[in-house]
Amino acid sequence: MSDRILTVEGLEVSLPVPTGTLNAVQGVSFHVDRGETVCIVGESGCGKSLTALAIMDLLPKRGRRVARELSLLGDPIVGVPEATMSDLRGNRMAMIFQEPMTSLNPAYTIGNQLEEALLRHRKVPRAKARERAVHLLERVGITAADQRLRQYPHQLSGGLRQRVMIAMALMTGPDLIIADEPTTALDVTIQAQILHLLAELQREFHMGLVLITHDLGVVARIATRVVVMYAGQVVETGTATEVFGAPRHPYTRGLLDCIPIPGKTKRGERLGTIPGMVPSLVGHIQGCHFAGRCPFTIDACTEADVPLTAAAGSAHEVRCIRADELMRSGFQIVESVA
Amino acid sequence: MSTTTAMRPEPAATASSAPPMLEAVDVTRMFMVSQGFMKAKKPLHAVNGVTLSIRQGEVVGLVGESGCGKTTLARMLLGLMPPSSGTLKIDGQPLAGMKRRAVARLVQPVFQDPYSSLNPRKSVGSIIGLPLRVQGGVTSEDEKKRVHEMMELVGLARRLFDNYPSQLSGGQRQRVAIARALINRPRMVICDEPTSALDVSVQSQILNLLQDLRRELGLTYLLISHNLAVVEHMADRVAVMYLGRLVEQTDTDTLFRNPRHPYTEALLKSVLTPEPGLGVPDTQLGAAYPNPLNMPSGCRFHPRCARRFGPCDTIVPRPLTSAAGMVECHLYDDDVKKEAAA
């Protein structure tokens, strides 16, 4: 079996809005190999969540997705009948959402919801399904699993609910898990535990994991590869060490400058900021999407669309025409033509 | 930052000599919680004997998990809820018996979610000016002038005066919330997770603004946050809260360099900074957060503590104060350790 689990090539997502068409995702490409954790990171509205929903074919009804290639384990998952998709969804690929309270059904017991995936996708007796549910609940660190199966979601704390969601995603032993902000609604202590667990399970079950988050701290600690998105596009991608150790896009660099790091940033010192606002994605943006907020913008930035290009001899790609120049000068050029 | 009509004297030095802005002594807040139909109500001690003093011009960070009582404490400090017992003083005056309006002149809140803390049917100008109208005694021209000044101070363009919150970005909304809090020139601001709902690039703008305003207006902050990196950046001193009590309290440098309480240690461990290669820490905080209706015996942290020993599940730890600050843990109590060894 090939090690390539997910291939996304030139994914476009658009949504009709009263003022036109919102081009939420514009030509996103990445891939996930077995055992890899790929993190998609960006601020609100950059298109990261829609990318995930597009892969799962769970876009809002009016949303349109187009892709040069979208395949799971080598088989296309775009343009296939809904029956095929629902065989894959929750079976070969599973999703974990941000808010476990709203993604669990309050009217069914935990046990019922855990067993459902297995009963639907595999022809197994209920007792077998129950056995696996207990096993996985214990695996995700829930004590007294037997009793938990009879409980309802409201009887569990936020951290426990998220553990149940993870166990649920693992029920069928999927090849790919997509987790959209799985720890954002949780306390920092619980966040660390859940991420620790996810990383462990991913190694153990040898899955591909796509983690979508706005938290650069989470990404730096857990990612094999990082995809930085801005205004619908991938602006930088590479390994965590490449992207965080030597960011090449002014946006990535700007984001990292915004974050206080205990022991590194001096107390009370001004933090970096990114002035301005994300451009509207209704209609077409000529040239670099970040140009309006970038301190290094020159005329050429907005003249033509900027391709994603790799640094020589590596997979560290960046969407910036001045990347090499800025890297050489240590991001010192401030000759912006405003 | 532009010039403003400075109504306060120069910011007091944050030296330890500065007089206290806020003093809480053994403050407790109890709620009666229903256990279900026909069942007797049970007491829940959301805040259980908190003693905290904040000096003029100081920034104190208050950290802890959800449900630890941070917000209940904040509500009492704002005069929105009386304590069940204990005393609270703001600027030397006891809070008990003070009129709500008088408390509001001294201390103001900034809340987490600028999407729900602003009235969607009022314009920006009207939202920021409301505290002036509540306090009374201003003409409408006066109000407009002061709202304009305040908008400039927090970095809001004048043209947004007639806009509605739905037309603003998250960062702009939080600026409106800050302007509203400051319009009556309070002495102290309680910031309850002021940046948690914002994107990182906006978070840094708001944090910078809070720093500038503090310097310019000589404000005192209580900064409630679960983001320890933010607290480290902003606060002079940190208080760590667990299940209604402060378990450690010391200056920020000491706390981050040498955390003493095992809970503080676990909190610091779970800070995820964008430094690749460090991996996800194992906090070793085993069991889930306990039910506050069913407090653990002895030290309330013992079921989750990696360093618990003999007396932890039976004897309640006492606050130990030294030059290094305050900590409530048997590991630092020689008397208890001696007895346990005997």
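Since this is a predicted model, take the numbers as computed values, not measurements.

Brief notes about the overall build of chain A
Along the backbone of chain A there are 12 helices and 13 strands. Here the C-alpha radius of gyration of chain A, 21 Å, is about what a compact globule of 338 residues would show, namely 20 Å. Across its three principal directions, the C-alpha atoms of chain A cover 70 × 50 × 45 Å. A total of 338 residues make up chain A; the buried ones form 47% of that total. Look at the contacts in chain A between residues 6 or more apart in sequence, and 65% of them connect residues 24 or more apart.

Here we look at the overall build of chain B
Along the backbone of chain B there are 10 helices and 12 strands. Its C-alpha radius of gyration of 21 Å places chain B within 12% of the 20 Å reference for a compact globule of 342 residues. Taken along the three principal axes of its C-alpha coordinates, chain B extends 75 × 55 × 45 Å. Burial analysis of chain B (342 residues in total) assigns 46% to the buried set.

Topic: the nonpolar core
Membership of the largest hydrophobic core comes to 192 residues, with the highest contact counts inside it found for Cys39 and Val219 of chain A together with Leu77, Ala179, Leu223 and Val240 of chain B. Considering each element in turn, this core owes the most residues, 8 residues, to helix H7 (residues 158-170) of chain A. The two domains that each donate at least three residues to this core are domain 1 (102-171) and domain 2 (247-328) of chain A.

Side note on the pairing of strand E10 (residues 245-251) of chain B
Residue and element names in this part refer to chain B. Within E10, 6 of the 7 residues are buried, which leaves it mostly tucked inside the rest of the structure. In this antiparallel pair of consecutive strands, strand E9 (residues 237-242) and E10, the connection spans 2 residues, and Leu243 shows a positive phi of 45°. Where E10 and strand E12 (residues 325-327) come together, 2 bridges link them in antiparallel fashion. From the neighbouring strand, Glu248 faces E12, where its bridge partner is Val327.

Thoughts on the sheet that holds E10 of chain B
All names here are of chain B. Read from one edge of the open sheet, 8 strands run E6-E7-E8-E3-E9-E10-E12-E11, paired in mixed fashion. On the outer flanks of this sheet lie strand E6 (107-110) and strand E11 (320-322), each paired with one strand and no other. Within this sheet the neighbouring strands show an average axis-to-axis angle of 20°, counted without direction. Sheet topology places E6 next to strand E7 (residues 188-192); 4 bridges connect them, and they run parallel. The residue of E7 that forms the bridge with Val110 is Cys191. Here helix H1 (residues 70-77) sits on the sheet in contact with strand E3 (59-63), E6, E7, strand E8 (220-224) and E9, set at roughly 155° to E7. Across the face of the sheet, helix H5 (residues 170-182) comes into contact with E6 and E7 while running at roughly 175° to E6.

A word on the domain arrangement of chain A
Split by domain assignment, chain A resolves into domain 1 (102-171) and domain 2 (247-328). Its C-alpha centre places domain 1 of chain A at a distance of 43 Å from the equivalent point of domain 2 of chain A.

A closer look at the confidence of the model for chain B
Residues and elements named next belong to chain B. Of the residues in chain B, 94% have a pLDDT of 70 or more, and the chain-wide mean is 89. Here residues 1-15 is modelled with pLDDT under 50, and outside its nearest four sequence neighbours on either side it reaches 25 contacts, counting other chains as well. In the predicted complex, the global pTM is 0.88; the interface-specific ipTM is 0.86.

Looking at the packing of helix H3 (residues 124-135) of chain B against H5 of chain B
Residues and elements named next belong to chain B. Where H3 contacts H5, the axes come no closer than 7 Å and their chain directions differ by 30°. By the angle between their axes, H3 is roughly parallel relative to H5. Note that H3 runs across H5; the crossing there is right-handed. Mapping the contact onto sequence places Val124, Ile127, Ile128, Leu130 and Pro131 in H3 and Val176, Ala179 and Arg180 in H5. Residues of the contact of H3 with H5, tallied by class, amount to 7 nonpolar, no polar and 1 charged.

With respect to the interface of chain A and chain B
The partner chain B presents 38 residues to the 43 residues of chain A that form the contact. Mapped onto the side of chain A that touches chain B, the elements with two or more residues apiece are H7, helix H8 (188-205), helix H9 (216-222), helix H10 (240-245) and helix H11 (250-257) of chain A.

Quick word on the environment of Val110 of chain B
Residue and element names in this part refer to chain B. With respect to the secondary-structure elements, Val110 resides in strand E6. For the pair formed by Val110 and Lys122, sequence separation is 12 residues and the distance between their alpha carbons is 18 Å. With residues near it in sequence (within four places) discarded, Val110 still touches Ala177, Ile178, Ala181, Val189, Cys191 and Pro194.

So, helix H9 (residues 262-269) of chain B
In terms of burial, H9 of chain B is a largely internal element, 6 of the 8 residues being buried. Where H9 of chain B is concerned, the buried positions are Pro262, Tyr263, Thr264, Ala266, Leu267 and Leu268 of chain B.

Overview of the packing of helix H4 (residues 110-121) of chain A against helix H5 (residues 126-139) of chain A
Residue and element names in this part refer to chain A. For the pair H4 and H5, the least separation of the axes is 9 Å and the interaxial angle reads 120°. The way H4 lies across H5 gives a crossing that is right-handed. Across the interface between the two elements, Gly111, Leu114, Glu115, Leu118 and Leu119 from H4 touch Arg126, Ala129, Arg130, Arg132 and Ala133 from H5. Here the contact of H4 with H5 is built from residues that sort into 5 nonpolar, 1 polar and 4 charged.

Looking at the pairing of strand E10 (residues 225-230) of chain A
Residue and element names in this part refer to chain A. The buried fraction of E10 amounts to 6 of the 6 residues, a majority that puts the element mostly inside the structure. Because side chains alternate across E10, one face comprises the buried residues Arg225, Val227 and Met229, and the other comprises Val226, Val228 and Tyr230, equally buried. Where strand E3 (residues 37-41) lies against E10, 4 bridges are found, and the strand directions are parallel. Counterpart to Ile40 in the pairing with E10 is Val227. Here 6 bridges tie E10 to strand E11 (residues 233-239), and the two strands are oriented antiparallel to one another. Within the sheet, the bridge partner assigned to Tyr230 lies in E11 and is Gln233. Taken together, E10 and the strand that follows it, E11, pair antiparallel across an intervening segment of 2 residues, in which Ala231 is found at a positive phi of about 45°.

Some words on the sheet that holds E10 of chain A
Residue and element names in this part refer to chain A. Across the sheet, which stays open at both edges, the 8 strands sit in the order E7-E8-E9-E3-E10-E11-E13-E12 with mixed pairing between neighbours. Only two strands of the sheet have a single partner each, and these edge strands are strand E7 (93-96) and strand E12 (309-310). Of the pairings in the sheet, the one linking E11 to strand E13 (residues 317-318) comprises 2 bridges and is antiparallel in character. If you follow Glu236 over to E13, its bridge partner there is Val318. Seen against the sheet, H7 touches E7 and strand E8 (176-180) and runs at an angle of roughly 170° to E7.

Calculation notes
- Residues numbered from 1 in each chain as written.
- Chains lettered and ligands numbered in written order.
- Predicted model: local features only at pLDDT ≥ 70, side-chain atom pairs only at ≥ 80, totals over all residues.
- Helix = DSSP H or I, 4+ residues; strand = E, 2+ residues; numbered from the N terminus.
- Rg over C-alpha atoms; globule rule 2.2 N^0.38 Å.
- Buried ≥ 20, exposed ≤ 12 C-beta atoms within 10 Å, placed from the backbone.
- Contact = placed C-beta atoms within 7 Å.
- Core = buried A, V, L, I, M, F, W, Y, C linked by C-beta atoms within 7 Å.
- Domains from an automatic or database assignment.
- Pairing = 2+ DSSP bridges.
- Axes fitted to C-alpha atoms, helices over the stretch in contact; angles between N-to-C directions.
- pLDDT = per-residue confidence, 0-100.
- Parallel < 35°, antiparallel > 145°, perpendicular 65-115°, else oblique.
- Left-handed = near helix turned anticlockwise from the far one by under 90°.
- Nonpolar A, V, L, I, M, F, W, Y, C, P; charged D, E, K, R; others polar.

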